[in-house]
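# Residue-level structural notes
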Amino acid sequence: MNKHDLQSKLKEVNSLLLQYNIVNNTINTIQKEIDLFKAKIVFVGSFSAGKTALINNILGGDEILKEDISPQTAIATEIIYDSNEQIIRIKKDGTQSICSINEVDNLSTEGFEKYICTLNKNILLQFPDKIIVDMPGFDSGIEAHNRAILQYISEAAAYIFVIDASKGTLSKSSIDFLQEIQEYSQTIKFVLTKCDKIYSKDITSIVENLQDIITGITFETPDILCVSSREAITKDKMISLISNLSVDKLLLQKFGEKILIQIKQEEQSLITRLENINFNSFEIDRSIQKCMQAKQSFENAFRQKKSQISNKLHNEKATLIIQDIEKDLHSQITSLITSAQQGTESFNETINSILRKSFMKSSQRYIDEMYDDLLIYLEKISQKDISIDSQDVADTMKKTVYALETILKSGKSFAKLKKYNSIYKIFSTGLAVTTSIIAPWLEMLIIFLPDIISLIKNLFGESKEENLRHEIENKIIPEICSRLRPEINESMNKLEEQMINELYEQYEKLIENKTNELKKLQAEKNMHITETEEQKNNLRKSIHRLNEISKEIETSIN
């Protein structure tokens, strides 16, 4: 299903809904976002691997993007077409400043989130729905790398993983980074650069070695494109690689789940209308009253359990995340000792790399578990253990809860089809569990890590391995966990509030949709619109068609 097909499906959905005076603003917003969608193709690799040289080659061979920058000045740069060539510098707070391409090298990157480089290069017109992104190297400093990777976790549509052939293999930092991004991206392409510096007979063995390493991480044997920035054919190879990345596939990965949820919600609205269409005005009024009572009953029941849910997420899950962090640090003790022997900077980077992956992995696992807990709780809330005076109200609430469960489970099932994990995208409830959870932890780590390391600074370098092991295990790791605990507790507290509120809002939306449909139906009854059988047939057809469209979109994603 391509972009045009998807938009056609959404137009058809809107047209079906308008027959019943239903306007879904979320679908309208998604349509606008699809029109504006551009897939960000992110070039990653170690410092001096040749990422920027490759991009310059694609752009025509001139050094448009400076190649010999220091790691400290590296910043993510997006490249787009525009007849007016300039650099747009984006600060962390979203404000912008503009400078010429020639003067940007003399300006500091401090305080800036990313640059947007606009170029009057016709080659960029060959990728109208794609944006090339030049990322800082893995070893471009802890803060720059954290900032860039966290920013593009949710934005990157695909990665071009650049490897320096002169190194002969993947460095530890490259392996660590590949392990990290393969958790949240389905599309990673590999490019071996500087092949002109290696004898051709050695290239084959290097490629085979790299394929073995990468297969061990991704469980898929990759194609590796061998290039040299000095060869004219490299430009054509890279253009072909980028052109073959399907924007339509990437588009569905981004919007498919959101669309399916909206269609499911509106399908429930039409089912409500169909179930009540034979009622008279008085009976419809009673149904409206039952909806209002069911909303209040659900709210009361939910309030009773809210503290229990909060305690589980805020205390239990936060504690488990800390335990995971401690376990991961201990499991990497050999790497920590080796990096400590190489100096403070190496030790800092190793801890940062271990913890960033640990944060992502454990946070997602426990948030997913909490998501499952909420689904289980929804089932309980509609059973007999919840005291409700009226059986009619109980039935109304039970039907609504069942509809909500169906939507949530559909979304969760859909999310599992994707290789990337749900923490980096939008939950099926509409909950934005993004890297904003992780970023404060990493920022805190950068601030306090030098103080912790100073506790054993005199042991860095050529100290005996046993001494370093003892100090790292008994001083560094406990202190890191102790310092992170308050920040993680606070994040879990905010997340708990967000999850519970989002879940309740979804229930409220279903009740509201049900009530609105009943009111519309009541108004039609009062206006003596009597073509009931025809209306029922039209409703059945509309419900069936919405279900068909959902399946068509889901099949395209699979």
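The model shown is predicted, which means the values in this text are computed figures rather than measured ones.

## Describing the overall build of the protein chain
- Each helix and strand counted, the protein chain has 15 helices and nine strands in total.
- Expressed as a percentage of the 558 residues in the protein chain, the buried residues total 52%.
- Taking the intrachain contacts of the protein chain between residues at least 6 apart in sequence as the baseline, contacts between residues at least 24 apart amount to 81%.

## Some remarks on helix α7 (residues 233-243)
- Along α7, the positions that sit buried rather than exposed are Thr234, Met238, Ile239, Leu241 and Ile242. Looking straight down α7, one finds its buried side chains confined to an arc of 160 degrees; they lie on one side.
- Looking at the buried positions of α7, the neighbouring elements they touch are β1 (39-45), α3 (51-58), β6 (130-134), β7 (156-164), β8 (188-193) and β9 (224-226).

## Description of the side chain of Asp164
- Counting through the fold element by element, Asp164 comes out in strand β7.
- For Asp164, the side chain forms a polar contact with the side chain of Lys194, separated by 3.3 Å.
- Beyond its immediate chain neighbours, meaning those up to four positions away, Asp164 contacts Ser48, Ala49, Leu192, Thr193 and Lys194.

## A look at the sheet that holds β9
- With respect to topology, nine strands assemble into an open sheet ordered β4-β3-β5-β2-β6-β1-β7-β8-β9, the strand pairing being mixed. Each of the sheet's edge strands pairs with one partner strand only, and the pair in question is β4 (96-99) and β9. Neighbour to neighbour, the strand axes of the sheet diverge by 25 degrees on average, direction disregarded.
- When strand β3 (residues 86-91) meets strand β5 (residues 112-119), the two strands line up antiparallel, connected through six bridges. In the strand pairing of β5, Ile87 is matched with Cys117.

## Some words on unusual backbone geometry
- Of note, the phi angle at Asn21 is positive, near 60 degrees, even though the residue is not glycine.
- Its location among the elements puts Asn21 in the loop between α1 (3-18) and α2 (25-36).
- If you check the backbone angles, Lys194 has positive phi at about 60 degrees while not being a glycine.
- With respect to the secondary-structure elements, Lys194 resides in the loop between β8 and α6 (200-218).

## Remarks on the pattern of salt bridges
- Counted under the stated rule, the structure contains 11 salt bridges.
- The partner of Glu552 in a salt bridge is Lys9, with the nearest N and O atoms 2.5 Å apart. Of this pair, Glu552 sits in helix α15 (residues 532-557) while Lys9 sits in helix α1, and the two are 543 residues apart along the sequence.
- Under the relative-accessibility criterion, Lys9 is labelled buried at 18%.

## Structural notes on the state of the cysteines
- For the structure on display, the rule yields zero disulfides.
- A disulfide-free cysteine, Cys117 has its sulfur positioned 9.4 Å from the sulfur of Cys99, the nearest such atom.
- In this structure Cys117 comes out as buried when scored by relative accessible area, which is 1%.
- You can see Cys195 has no disulfide; the closest cysteine sulfur is in Cys226, sitting 4.5 Å from it.

## Some words on α3
- For α3, the buried fraction is high: eight of the eight residues fall into the buried class.
- Backbone geometry just downstream of α3 places Gly60 in the positive-phi region, at approximately 130 degrees.

## Re the packing of helix α8 (residues 247-276) against α15
- Contact pair α8 / α15: the axes reach a minimum separation of 10 Å and the direction vectors enclose 165 degrees. By the criterion of interaxial angle, the relationship of α8 to α15 is roughly antiparallel. Crossing of α8 against α15: the hand is left-handed.
- Among the residues making up the contact of α8 with α15, the classes are represented as 13 nonpolar, five polar and seven charged.

## Considerations on the confidence of the model for the protein chain
- For the protein chain, per-residue confidence averages 77 on the pLDDT scale, and 72% of positions sit at 70 or higher.
- Confidence over residues 384-390 falls short of pLDDT 50; this stretch has 10 contacts with residues more than four positions distant or in other chains.
- Every residue in residues 411-435 scores below 50 in pLDDT, and together they form 80 contacts with partners more than four places removed in sequence or on other chains.

## As for the environment of Thr52
- Mapped onto the secondary structure, Thr52 falls in helix α3.
- Residue class for Thr52 comes out buried when judged on its relative accessible area of 13%.
- In sequence terms Thr52 and Val162 are 110 residues apart; their C-alpha atoms lie 10.0 Å from each other.
- A distance of 2.7 Å separates the side chain of Thr52 from the side chain of Asp134, its partner in a polar contact.

## Comments concerning the packing of α2 against α8
- Across the interface, α2 lies against α8 with an axial gap of 10 Å and an inter-helix angle of 170 degrees. Relative to α8, the element α2 lies roughly antiparallel. Here Thr26, Ile27, Ile30, Glu33 and Ile34 of α2 come into contact with α8, specifically with Leu251, Phe255, Lys258, Ile259 and Gln262.
- Along the lines of polarity and charge, the residues of the contact of α2 with α8 split into six nonpolar, two polar and two charged.

## Side note on the nonpolar core
- Within the largest apolar cluster, 72 residues are counted, with the highest numbers of intra-cluster contacts made by Phe43, Ile79, Ile259 and Ile553.
- Looking at this core element by element, the count peaks at nine residues for α8.
- Excluding residues that lie within four positions of it along the chain, Ile259 makes contacts with Leu6, Leu10, Ile30, Ile34 and Ile553.
- Membership of the second largest hydrophobic core comes to 29 residues, among which are Ala165, Leu170, Ile181 and Phe190.

Parameters at a glance
- Residues numbered from 1 in each chain as written.
- Predicted model: local features only at pLDDT ≥ 70, side-chain atom pairs only at ≥ 80, totals over all residues.
- Heavy atoms only, no water.
- Helix = DSSP H or I, 4+ residues; strand = E, 2+ residues; numbered from the N terminus.
- Buried < 20%, exposed > 50% of the residue type's maximum accessible area, 1.4 Å probe, protein only.
- Contact = heavy atoms within 4.5 Å.
- Arc of directions from axis to C-beta.
- Polar contact = N/O pair within 3.5 Å; in protein donor to acceptor, adjacent residues only side chain to side chain.
- Pairing = 2+ DSSP bridges.
- Axes fitted to C-alpha atoms, helices over the stretch in contact; angles between N-to-C directions.
- Salt bridge = Lys/Arg side-chain N within 4 Å of Asp/Glu carboxyl O.
- Disulfide = S-S within 2.5 Å.
- Parallel < 35°, antiparallel > 145°, perpendicular 65-115°, else oblique.
- Left-handed = near helix turned anticlockwise from the far one by under 90°.
- Nonpolar A, V, L, I, M, F, W, Y, C, P; charged D, E, K, R; others polar.
- pLDDT = per-residue confidence, 0-100.
- Core = buried A, V, L, I, M, F, W, Y, C linked by side-chain atoms within 4.5 Å.

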